[in-house]
Every structure is written in C-alpha cells, then in structure tokens.
Amino acid sequence: MKRDLRAMTEGKLADDPDAAAAGAGPARTPTRAAIAVIGLGAIGGVIAGTLAAAGRHDVVVCTRTPIERLVVERPQDRVEVPVHALIDAVEAEPVEWVLLCTKAHQTPSVGTWLARLCGPQTRVAVLQNGIGHAERLAPLVGPATVVPTIVYYNGERLAPDCMRFRHAGEYDLAVRDNEDGQAFAELLDGTSMRIRLSADFHTLAWRKLLINAVANPITALTIQRQAILRREDIKALCLAVLEEAATVGRADGARLAADEPSRILATLLTYPADAGTSMYFDRLAGRSLEVDALTGAIVMAGNRHGIPTPLNGMLWTLLQAISDAAGGRSGENGQTSR
C-alpha cells in the first residue's frame, strides 16, 4: 500500500461516542491496521466510511472511480470523511485486512487486487451474499486467511461517494466465534456496527440465504421495493419458496426450525417498505444479477442432496435470463443493498 499505510502504529485511542450511543459497548484498543476495501457499492461504501469515521485504522478503497471523500447517511447522523482511493492494483501492497465487498459473481474480476493485497498475515473478510465463501475465495487469496461474513445491514448508494446506511435487525454483521471472527469484531471496535459471534455460522448463513431467496428475486422480477412483500399473494408465494429452500438447508446441515420459513417471512415484513435489494437496484441499472450465489446456490445444493427445487429453479431460470440480457456474469460495482 502507500508508504503512510505501511507505517503501522500502536497505542490507546479515544473512545468513539458514536459507539456508546449505538449500544456497541465500551471500545477496546486494537492495534492500528491497514485495511483495504474492495468494491465501493453500498455495502463497501458504508463499512469503509464507518471505519474511516472511527479513525482507528488506515483505510483505503479500491475502486475504478477516483474519490476524495465518503459520505454515509446513518440513522443517527451523517458523516463525511476523506478517503485514500486506489484505482490501479499495481499501487497495492499487502495489508492486514481486506474487506471484499463486491457481488459474489464479480469476485473473479478483482483477482489482481486480491493477489496484490494478500500476504501470509492478511485476513480477507468476505462481505458477500451466499454460502461457501471460503471455498470460493481460496484460489484467489494465496496464503491469506478467509473470514466468511454475513451482512445484515441495508445500504443504498446515492452517489459514487455517498451511501445510505440502515440497520436491518438486531445485528449488522455476523462471523464465526473463533480467533478470526473475534479479530474481525475487534477491528470494528469504536464503530456503530453491531457484530454477532456465532458457533453455528453455517445455520446463520443459510438463514440469510433464505432471506435473499425471496427478497431479492421478488423485488427484481417485479421491479418494486420491499413493499411488494406485503401483498397476500406474494406472501403465499414467498412462503412456498422458503419451505422448499429450508428443506434443502436442513439437508445441507443447517439447523433450521420447522417454522423457519414463517419466521423468515415475518422478519422480512419488519424491514422498511421502501428498502431495496441488490437485485432490485442492479435490475434498475441494467447490470447483471447475483443470481448464481443466491437462488442458484439453493438449486445446486438441492441437486447435491437429491431434493427437487421447482420453485427456486423457476426463479433461477427467470433471473438468469434477465442477467444474461444485461451482460451475463460480469458486472460493474454499484448500488447494493442486502
């Protein structure tokens, strides 16, 4: 990374009043680290701006478009912070943390960035939808350690340098309750991000996949925000899709309750009616869709376990057709909301 990012410093840092206000608990004093955020859509923009605002680490953003600042509109305030942007991977050097925030299907397109940023001491937090993060990233990160991460917060990209951040539940992010997950939670000390450490990450990942199994496809296919999920006929469709997907999840080892589908639907109905999803925003913009990592993951898992998935298979076919018309499996980083 740039010379100033390689000069790591240690020491006690002042508590962030924002963390206390958000209920994040008393801040510890982690070692100052170099963090590279790849992908400056809403998910990456929000977490990059949040970390930069806390001022505890050296943050750079890896993006195609040069920017000098990030603005994050949060429920409690609006922060505007200067940022260091890299637009060419040749400028990058290994860092302590990489936060990978592109869509899952865009991961191969940032392989050069990952190769430059990852070293033996690097941890790569994968802030992407879907399951199987570690398996998908292993060929691209060399000796680095992959830290699968579940994103719950809702984000919307209002401009290349401006994001809207909204909480979407009790937690904003979840990781495994192990050494790497605890290190990620420590990295976010002093911010308003609420982190869940779980001994059963696989089940949490499937629960998040169930949310995406209906919220993303339905909003993308109807080109409507989440208010569409409040229709009685749409709720019935969502419940049937969720029942099918939950059966697959249980076969895959997830500990999903018998009433998991109805719980997931109830959770979705607590989200703001005007909130969008990643597929919704991508379809509006004419970009390819993250369909293989979401609906496709359910269908493929069903195939592995010999479980029919006609409803999810139908949605996958329709979404693939839309994605292919928009340019296939490649895509530009842009608005995301998960």
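Our subject is the structure listed above.
The numbers attached to residues start from 1 for each chain and follow its sequence in the written order. It should be noted that, the model being predicted, local features are given only for residues of pLDDT at least 70 and side-chain atom pairs only at 80 or more, the latter also being counted only at that level, while totals for whole chains, interfaces and linings use all residues. The side-chain values count all of the structure's non-hydrogen atoms but skip hydrogen atoms and water molecules.

Chemist: What is the right way to look at the overall build of the chain in this model?
Modeler: Regarding its fold elements, the chain presents 12 helices and 12 strands. Across the 338 residues in the chain, those meeting the buried criterion constitute 56%. Working rule for contacts: check all heavy atoms of both residues, and any pair within 4.5 Å makes them a contact. Long-range contacts, defined as pairs at least 24 residues apart, comprise 69% of the intrachain contacts of the chain with a sequence gap of at least 6. For the chain, the accessible area works out to roughly 13,400 Å², and carbon and sulfur atoms hold 52% of it. Each helix is a run of H or I in the DSSP string that is no shorter than four residues. Each strand is a run of E no shorter than two, and both are numbered from the N terminus. Each residue gets one of three labels from its accessible area relative to the maximum for its type: buried under 20%, exposed over 50%, partly exposed in between, using a 1.4 Å probe on protein chains only. Using the Shrake-Rupley algorithm and a 1.4 Å probe, accessible areas are obtained, with residue cover drawn only from the displayed protein chains.

Chemist: Could you clarify how one ought to interpret the packing of aromatic side chains in this entry?
Modeler: By convention here, two paired aromatic rings are described through the distance between centres and the angle between planes. Centre distance within 6.5 Å is the pairing criterion for rings of Phe, Tyr and Trp, where only the six-membered ring of Trp is used; planes under 30 degrees apart are then read as stacked, over 60 as edge-to-face, and the remainder as tilted. Under the defined criterion, the tally for this structure stands at 3 aromatic pairs. Ring centres of Tyr 280 and Phe 281 lie 5.3 Å apart, and the angle between their planes is 70°; this geometry places the pair in the edge-to-face category. You'll find Tyr 280 and Phe 281 in the same group, each marked buried.

Chemist: Looking at this structure, I do not really get the pairing of strand S2 (residues 58-62). What am I missing?
Modeler: The side chains of a regular strand alternate between both faces of the sheet. Buried residues dominate S2, accounting for 5 of its 5 residues. Burial along S2 is two-sided: the face carrying Asp 58, Val 60 and Cys 62 and the face carrying Val 59 and Val 61 are both buried. Alignment of strand S1 (residues 34-38) against S2, held across 5 bridges, turns out to be parallel. By the bridge assignment for S2, Ile 35 is matched with Val 59. Seen with its strands pointing away from the viewer, a crossover is right-handed when the path leading from the first strand over the helix to the second is clockwise. The parallel pair S1 and S2 is bridged by helix H3 (residues 42-54), and the resulting crossover is right-handed. For two strands to count as paired, DSSP must find a minimum of two bridges between them. In the sheet, S2 pairs with strand S5 (residues 84-86) via 3 bridges, with the strands oriented parallel. By the bridge assignment, Val 61 is partnered in S5 with Ala 85.

Chemist: Got a minute to help me understand helix H10 (residues 278-285) in this structure?
Modeler: Because an α-helix packs 3.6 residues into every turn, residues spaced three or four apart end up facing the same way. Listed in full, the buried residues belonging to H10 are Ser 278, Met 279, Tyr 280, Phe 281 and Asp 282. The positive-phi residue at the C-terminal boundary of H10 is Gly 286, with phi of around 75°.

Chemist: Would you take a moment to explain helix H9 (residues 260-268) for this structure?
Modeler: Of all the positions in H9, only Glu 260, Pro 261, Ile 264, Leu 265 and Leu 268 are classed as buried. Angular distribution of buried residues about the axis of H9 spans 135°; they occupy a single face of the element. Check the buried side of H9 and you find it contacts helix H7 (201-222) and helix H8 (232-251). By arc we mean the arc of the directions from the helix axis to the C-beta atoms, nothing more.

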